[in-house]
Amino acid sequence: MHVLLAGGGTAGHTSPLLATADALRRLDPTVRVTCLGTTSGLEARLVPEAGLPLEFVPKVPLPRRPGKALLQVPGKLLAARRAALEVVDRVRPDVVVGFGGYVSVPAYLAARTRRLPLVVHEGNALAGIANKLGARLTRHVATSFPGTDIPHATYVGLPVRRMVSTLDRDALRAEARASFGLDPDRPTLLVTGGSQGAARINAAVLGAAHALSRAGVQVLHVAGPTQEVDAPATDVPYVVRQYVDRMDLAYAAADAVVCRAGSNTVTEVSGVGLPAVYVPLPIGNGEQALNARPVVEAGGGLLVADEELTSEWVAAHVAPMLTDPEGLSRMGAAARGVMKLDADETLARMIMEAAR
Ligand SMILES: CC(=O)N[C@H]1[C@@H](OP(=O)(O)OP(=O)(O)OC[C@H]2O[C@@H](n3ccc(=O)[nH]c3=O)[C@H](O)[C@@H]2O)O[C@H](CO)[C@@H](O)[C@@H]1O
């Protein structure tokens, strides 16, 4: 069986694609996987590094509002569909799978044109425009959250990469902290704005660096690939990285997280039992606030609006949180188990079923 997996742009669509590719080949080592992405997204690096073949389609961003950019969409979409058809005719997959975003639409249209089985996976609690379109073309639709706004979808969860879903934080903690140059025993805060980084979170935590240091809290600050963040001179370690490939090590080093609420981040952070302060992206469909809701309602994290996240807020709330081990372990236990961690194999089985 040959599976074409389409997804990319941010790691938000690439991480579940990689997890699903891995599960497919684990369940059936004879399965062949080809990926479809763009040359400018994170997939252009991450997919080949995972040892998977990557084919390209041109990028067609779907503007949310009317305007000149919207008028150009049909022409660009036709060109992207032609490119996807060329890949489909050459690779000859038995089934096409899309994870949403602008890479997926050409793949959905090509699958429809060649009458190939199509599986659509929606990562967020609120479906994006690409997957709303894709879902109209197939009955095989999977979601990461119960109650996502696609009528005939099956709730399977979000496929999580094995290095995270099988992580034993206690067993890896010492090695993880050493790998980042962190102190082995201090309370440790992980900061991540998702695969793009978040300027607001970066500024708020940096501004609270000395308050965190005074409280004895060390920081692993993953700033984002294009974000300029210099490590402040503090008495306790404050380590800045732009991007971390081994997120299992980052999670193992941490006692709590301040982060955006992309669906992978929420699933991974809560899944490994980390308490978190979720600061949803204020733009977009509003999907991030909904992504964090089940974990927050279960007591596994706090939800803070972007405009409320100031350095004063971090100093007043995050420093005390990190120095309260009982509170941390209560929140961590509440977070664990809210999100499914076996979606990689559930979705892989659904894909194999659709291909038959
Ligand atoms: C600006 C934007 O378009 N954001 C969207 C994007 O966010 P984003 O790409 O940030 O998505 P997520 O938070 O869902 O996923 C980030 C992924 O990147 C990984 N990671 C992150 C940082 C790092 O240094 N190393 C690393 O490997 C995380 O482990 C995770 O697997 O996709 C999400 C899921 O569709 C959406 O909810 C977001 O609205």
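Keep in mind it's a predicted model, so treat the numbers as computed, not measured. (Residues numbered from 1 in each chain as written. Predicted model: local features only at pLDDT ≥ 70, side-chain atom pairs only at ≥ 80, totals over all residues.)

## Re the overall build of the protein chain
Next, step 1: For the protein chain, the count of helices and strands is 16 helices and 13 strands.
Next, step 2: Here the protein chain has a C-alpha radius of gyration of 20 Å; the compact-globule value for 356 residues is 21 Å, and the two agree.
Next, step 3: Seen through its principal axes, the protein chain has C-alpha atoms that stretch 60 × 45 × 35 Å.
Next, step 4: Put simply, the protein chain has 356 residues, and 52% of those count as buried.
Next, step 5: Taking as baseline every contact in the protein chain between residues at least 6 positions apart, the subset at least 24 positions apart corresponds to 67%. (Helix = DSSP H or I, 4+ residues; strand = E, 2+ residues; numbered from the N terminus. Rg over C-alpha atoms; globule rule 2.2 N^0.38 Å. Buried ≥ 20, exposed ≤ 12 C-beta atoms within 10 Å, placed from the backbone. Contact = placed C-beta atoms within 7 Å.)

## Considerations on the environment of valine 229
Next, step 1: Summarising the element assignment, valine 229 is placed in the loop between β9 (218-222) and β10 (238-241).
Next, step 2: You can call valine 229 partly exposed: it has 19 C-beta atoms within 10 Å.
Next, step 3: When the C-alpha positions of valine 229 and proline 66 are compared, they lie 35 Å apart, and in sequence the two are 163 residues distant.
Next, step 4: Those residues in contact with valine 229 that sit more than four places away from it in its chain are Asn202, Leu206, His221, Ala223 and Val240.

## Observations regarding the sheet that holds strand β11 (residues 256-259)
Next, step 1: Ordered in space as β10-β9-β8-β11-β12-β13, the 6 strands form an open sheet in which the pairing is parallel. Looking at strand neighbours, the two that pair on one side only are β10 and β13 (301-303), the edges of this open sheet. Strand-to-strand twist of the sheet, defined as the mean angle between neighbouring strand axes without regard to direction, takes the value 15 degrees.
Next, step 2: Across 5 bridges, strand β8 (residues 188-192) lies against β9 in parallel orientation. By the bridge assignment, threonine 188 is partnered in β9 with glutamine 218. (Pairing = 2+ DSSP bridges. Axes fitted to C-alpha atoms, helices over the stretch in contact; angles between N-to-C directions.)

## Remarks on the UniProt feature "binding site: UDP-N-acetyl-alpha-D-glucosamine" (unreviewed entry) in the protein chain
Next, step 1: According to UniProt, the "binding site: UDP-N-acetyl-alpha-D-glucosamine" (unreviewed entry) feature falls on Thr10, Ala11, Gly12, Asn124, Arg161, Ser195 and Gln288.
Next, step 2: Mapping alanine 11 onto the fold places it in helix α1 (residues 11-27).
Next, step 3: Relative to the helices and strands, arginine 161 resides in the loop between β7 (154-155) and α7 (162-165).
Next, step 4: Using a count of 24 C-beta atoms within 10 Å as the deciding quantity, one classes arginine 161 as buried.
Next, step 5: Residues contacting arginine 161, with those up to four places away along its chain left out, are Ser15, Leu18 and Ala19. (UniProt positions renumbered as here; feature names shortened; annotations may be inferred.)

## Points about the pairing of strand β2 (residues 32-37)
Next, step 1: When you tally the buried positions in β2, you get 5 out of 6 residues, the bulk of the element.
Next, step 2: Direction of pairing for strand β1 (residues 2-6) relative to β2: parallel, over a ladder of 5 bridges. Looking across to β2, one finds that leucine 5 is bridged to cysteine 35.
Next, step 3: Once you follow β1 into α1 and on to β2, the crossover reads as right-handed. (Right-handed = clockwise from strand over helix to strand, strands pointing away.)

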